[in-house]
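For reference, the chains in residue letters:
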Amino acid sequence: STDFASTAGLAAVLSRANGSPIKTVYIQSQPEWTALVVNKDSNIKSLKDLKGKKIAATKGTDPFLFTLQALDTIGLGKRDVEFVHLQHPDGKTALERKQVDAWAGLDPLMASAQAQSGAKLLYRNVSFNSYSVLSVKDQFAKSSPEAIEAVIKAYEQARKWAKTNPVKLAELLAREAKLPIEVAKLQLSRTNLDQNIPTTKHTGALQKASRILTEEELVRKGTNVNQVVTQLFDACYAKKVVTK
C-alpha cells in the first residue's frame, strides 16, 4: 500500500522471499540496534550461560534473528533456550521484572534500559545487525525512477547533515521520539552513517542469515534465499545520486 518502505535489511529480504515484489535501492545506515541484554545484577556472563534460560524476543524481527545467529556461534539452537515471544516493549518490561533471563533488545528501548536501569549488553555483534534500508516496489521503480532519485537525494541531504551536526541530531531524535537526551545520544553513538549505495558487502552480510531463515521456516519451502538477496538490491538509483 506504499511506494517506499524504510525497514531493516532482513525484513526486506523476508518480504521479497515471501512474494512481495520489491527492490532495495538505498542503504540509510548501519545501526547496531540490537544486542542480547541482561539485568545489571545478572549472573549470566556469556552466551553459554544462556543454555536453558528464558529469552524474550519478537519472532521474525532483527533481534530474534540476531539471537539465533549469536547462539549458533557457540553451537546452540532455539531448542537449547526458552524463547518467550513478546513485542519489544514487553520484552524490556519482562527483563526489568526478572520474568526472563535475557532480552533480544532493540533501540531505543535497549538504550533506555541501559541508561535508566543499568541493563548490560551481554553479547554484541554489529555484523549480525542488518542494515537500515529503503525499498520500493518493482513496478514503481520501472514507472517512476525520477521519484526514487528525488527521495534518495533527500535522504542523502539528511545523512550528510546528521554527520556534521551530531549534537543537533541527538536533540532532534530526543524531541521527535520523546526520548531522554542521554538515550538518544547512546543510540546514535552506535549508528554508522557512512553507508549509502548498496554493494556486495551488504549482499554478503544478509546472505549470512540465509540458513537460519530457511531453518526457521521464515521463508517459503524451497526458496533460494541467497538468490533472493542478490535480486533484492539495485544500486543504479543511488549511484546516480550519491556524491561522497
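Refer to the preceding data block for the structure.
Within each chain, residue numbers correspond to sequence positions counted from 1 in written order. Reporting of local features is limited, given that this is a predicted model, to residues whose pLDDT is at least 70; pairs of side-chain atoms are given and counted only at 80 or more, and all residues count toward the totals for whole chains, interfaces and linings. Only hydrogens and water are set aside when side-chain values are computed; all heavy atoms of the structure are taken into account.

1. Describing the side chain of Glu216
Consideration 1: Relative to the assigned elements, Glu216 resides in the loop between α10 (210-215) and α11 (225-232).
Consideration 2: On the basis of relative accessibility, which here comes to 11%, the residue Glu216 falls in the buried class.
Consideration 3: Those residues in contact with Glu216, other than ones at most four positions away along the chain, are Phe64, Leu68 and Lys78. Only DSSP runs of H or I reaching four residues or more are called helices, and only runs of E reaching two or more are called strands; each is numbered from the N terminus. For every residue, the accessible area (1.4 Å probe, protein chains only) is compared with the maximum for its type, and the residue is labelled buried under 20%, exposed over 50%, or partly exposed between those bounds. Residue contacts are defined here by distance: any two heavy atoms, one from each residue, within 4.5 Å place the two residues in contact.

2. Details of helix α7 (residues 166-177)
Consideration 1: The first and last C-alpha atoms of α7 sit 16 Å apart over 12 residues, in line with the 16 Å expected at 1.5 Å per residue.
Consideration 2: For α7, the full list of buried residues reads Leu169, Ala170 and Ala174. Seen along its axis, α7 keeps its buried residues to an arc of 130°; they face one direction. Seen from the open side of α7, the exposed residues pointing more than 90 degrees away from its buried face are Lys168, Arg175 and Glu176.
Consideration 3: Two residues or fewer past α7, Lys178 is found with a positive phi of approximately 55°. Multiplying one less than the number of residues by 1.5 Å gives the expected span of a helix. Our arc is simply the arc of the directions from the helix axis toward the C-beta atoms.

3. A word on the sheet that holds strand β1 (residues 4-8)
Consideration 1: An order of β1-β8-β2-β9 is seen for the 4 strands of this open sheet, with the pairing classed as antiparallel. Each edge of the open sheet carries a strand with a single partner, namely β1 and β9 (191-192).
Consideration 2: Running at roughly 0° to strand β2 (residues 22-31), helix α6 (residues 145-164) makes contact with β1, β2 and β8 (132-137) of the sheet. Any two strands with at least two DSSP-identified bridges between them are counted as paired. To get an axis, fit a line to the C-alpha atoms, keeping to the stretch in contact for a helix; angles then go from 0 to 180 degrees between the N-to-C directions.

4. Some details on the environment of Met110
Consideration 1: Note that Met110 resides in helix α4 (residues 109-117).
Consideration 2: Given the relative accessible area of 0%, Met110 is considered buried.
Consideration 3: Sequence separation of Met110 and Leu186 is 76 residues, and the distance between their C-alpha atoms is 9.6 Å.

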